Amino acid sequence: MAGTLTVWKFESDSGAETAVETLKDLQRRELITVHDAAVVSWAEGAKKPKTRQLNNLAGVGALGGAFWGLLFGILFFIPLIGAAVGAGIGALSGSLTDVGIDDSFINQLKEKITPGTSALFVLTSDATLDRVHDEFKGKKAELISTNLSHDQEAALREVFAE
């Protein structure tokens, strides 16, 4: 079972919260298995986005707060001051690269998730993708995703096991 880390970007700071209900419904109907999820909401004019792990959706294979904290830290909160800090981030982001989250994925997210937008991050498996895409149609969501192999998903869990 390979997992997929999927990121849906919305053109409003509340779009991702609304999409959580769609995700819960898909899980209820067994069209998707959600292992973990988090929401990023970035209000217009705010310096930083708000992030929240969706513990009520997290399943047995949840990545935990350490994973989301690291990912969101790299994306939004860690200012790149000086080489020492940069080197520290390099070591941290190395563990993300090991699990299929590379610089181009990170840069794509940084570019797209900006003030006035929101995003839903979901680690899933067993998704009936065409049905999932149908459910998200009309929600003005842009799909940005990276596919994780079974080994990468296992490595991700190992690195971020709490």
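Residues numbered from 1 in each chain as written. Predicted model: local features only at pLDDT ≥ 70, side-chain atom pairs only at ≥ 80, totals over all residues. Heavy atoms only, no water.

Caption draft 1: Geometry of the pattern of salt bridges. Per the counting criterion, the structure on display carries 7 salt bridges. Note that E17 and R52 form a salt bridge whose closest N and O atoms lie 2.6 Å from each other. Residue E17 is located in helix α1 (residues 15-28), and its partner R52 is located in strand β3 (residues 50-53); the two are separated by 35 residues in the primary sequence. With a relative accessible area of 33%, E17 lands in the partly exposed category. The closest approach of N and O atoms between R29 and E135, which form a salt bridge, is 3.0 Å. Separated by 106 residues along the polypeptide, R29 in the loop between α1 and β2 (33-41) and E135 in helix α5 (residues 129-136) bring together distant segments of the chain. Taking the relative accessible area as the measure of exposure, E135 reaches 27% and is therefore partly exposed. Residues participating in the shared-partner salt-bridge network are D25, R28, R29 and E135. (Salt bridge = Lys/Arg side-chain N within 4 Å of Asp/Glu carboxyl O. Helix = DSSP H or I, 4+ residues; strand = E, 2+ residues; numbered from the N terminus. Buried < 20%, exposed > 50% of the residue type's maximum accessible area, 1.4 Å probe, protein only.)

Caption draft 2: Up close: α1. With 14 residues, α1 should reach 20 Å at 1.5 Å per residue; the first-to-last C-alpha distance of 20 Å fits that figure. Residues G15, A16, A19, V20, T22, L23 and L26 constitute the buried set of α1. Next to the buried residues of α1 lie β1 (4-10), β2, β4 (118-125) and α5. Of the residues trailing α1, E30 is marked for its positive phi of about 60°. (Expected span 1.5 Å × (residues − 1). Contact = heavy atoms within 4.5 Å.)

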